[in-house]
Amino acid sequence: VQLQASGGGLVQAGGSLRLSCTASGRAFSSYMMGWFRQPPGKEREFVAAITWNGGSSYYADSVKGRFTISRDNAKNTVYLQANNLKPEDAAVYYCAAEIHVRDGMYNLMHEYDYWGQGTQVTVSS
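A brief look at the structure comes next. Please read all numbers here as calculations on a predicted model, not as lab measurements. (Residues numbered from 1 in each chain as written. Predicted model: local features only at pLDDT ≥ 70, side-chain atom pairs only at ≥ 80, totals over all residues. Heavy atoms only, no water.)

Right, let's get into the pattern of salt bridges. Applying the stated rule across the entire model yields five salt bridges. The partner of Glu45 in a salt bridge is Arg37, and the shortest N-O contact between them spans 2.6 Å. One salt bridge in this structure joins Arg37 and Asp89, with 2.9 Å as the shortest N-O distance. Of this pair, Arg37 sits in strand E4 (residues 32–38) while Asp89 sits in the loop between strand E8 (77–82) and strand E9 (91–98), placing them 52 residues apart in sequence. Taking relative accessible area as the criterion, Arg37 reaches 4% and is therefore assigned buried. Owing to a relative accessible area of 0%, Asp89 belongs among the buried residues under this scheme. The structure contains a network of salt bridges with shared partners spanning Arg37, Glu45, Arg66 and Asp89. (Salt bridge = Lys/Arg side-chain N within 4 Å of Asp/Glu carboxyl O. Helix = DSSP H or I, 4+ residues; strand = E, 2+ residues; numbered from the N terminus. Buried < 20%, exposed > 50% of the residue type's maximum accessible area, 1.4 Å probe, protein only.)

See the structure below:
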């Protein structure tokens, strides 16, 4: 599967963005999908993940209550609605996909084999 992330941009603190990640190839609905981000000068970190059917979603504590992950399997797309953005949310955001993610391991980068190219989110204070 190939992933294409989009929707990043410059936003003021307190603003919102919706990131999208569209997959090409078959069987998108079989994949667990995740969002990760890499702030400048820092390591990549987990943001959110959603199971193949959207039945369960998971969030990093730092974004819980502000970000929402969702998916539309008919459109082969996963979304990340980011509200009340803070300067510390500024990063390159990556989407990731994997069919078999071990239980409880959805937040680990090495569980995902497929990655998008990243989309830049900049938050001005």
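Here we have four strands laid out as an open sheet, ordered E1-E3-E8-E7, and antiparallel in their pairing. Because the sheet does not close on itself, it has two edges, and the strands there are strand E1 (2–6) and strand E7 (67–72). Between one strand axis and the next, the sheet turns by 15° as a mean value, whatever way the strands run. The pairing of E7 with E8 spans six bridges and is classified as antiparallel. Within E8, the residue paired with Asp72 across the bridge is Thr77. (Pairing = 2+ DSSP bridges. Axes fitted to C-alpha atoms, helices over the stretch in contact; angles between N-to-C directions.)

With that out of the way, let us pick up the side chain of Asp89. Polar contacts involving the side chain of Asp89 include one to the side chain of Arg37, which spans 2.9 Å. Not counting the four nearest positions on each side in its chain, Asp89 is found in contact with Arg37, Arg66, Phe67, Asn84, Val121 and Val123. (Polar contact = N/O pair within 3.5 Å; in protein donor to acceptor, adjacent residues only side chain to side chain. Contact = heavy atoms within 4.5 Å.)

Structurally, Pro40 can be placed in the loop between E4 and strand E5 (45–50). Here the alpha-carbon distance between Pro40 and Gln12, two residues 28 residues apart in the chain, equals 18 Å.

By the element assignment, Lys75 lies in the loop between E7 and E8. Note: C-alpha distance between Lys75 and Tyr93 (18 residues apart in sequence) is 20 Å.

Along E9, eight of the eight residues are buried, which leaves the element largely enclosed by surrounding structure. Two strands pair when backbone bridges link them, and E4 and E9 are joined in this way by seven bridges, in the antiparallel orientation. Bridge assignment links Met32 to a residue of E9, and that residue is Glu98. As defined by bridge partners, E9 adjoins strand E10 (residues 114–115) across two bridges and the pair is classed as antiparallel. Within E10, the position partnered with Ala96 by the bridge is Trp115.

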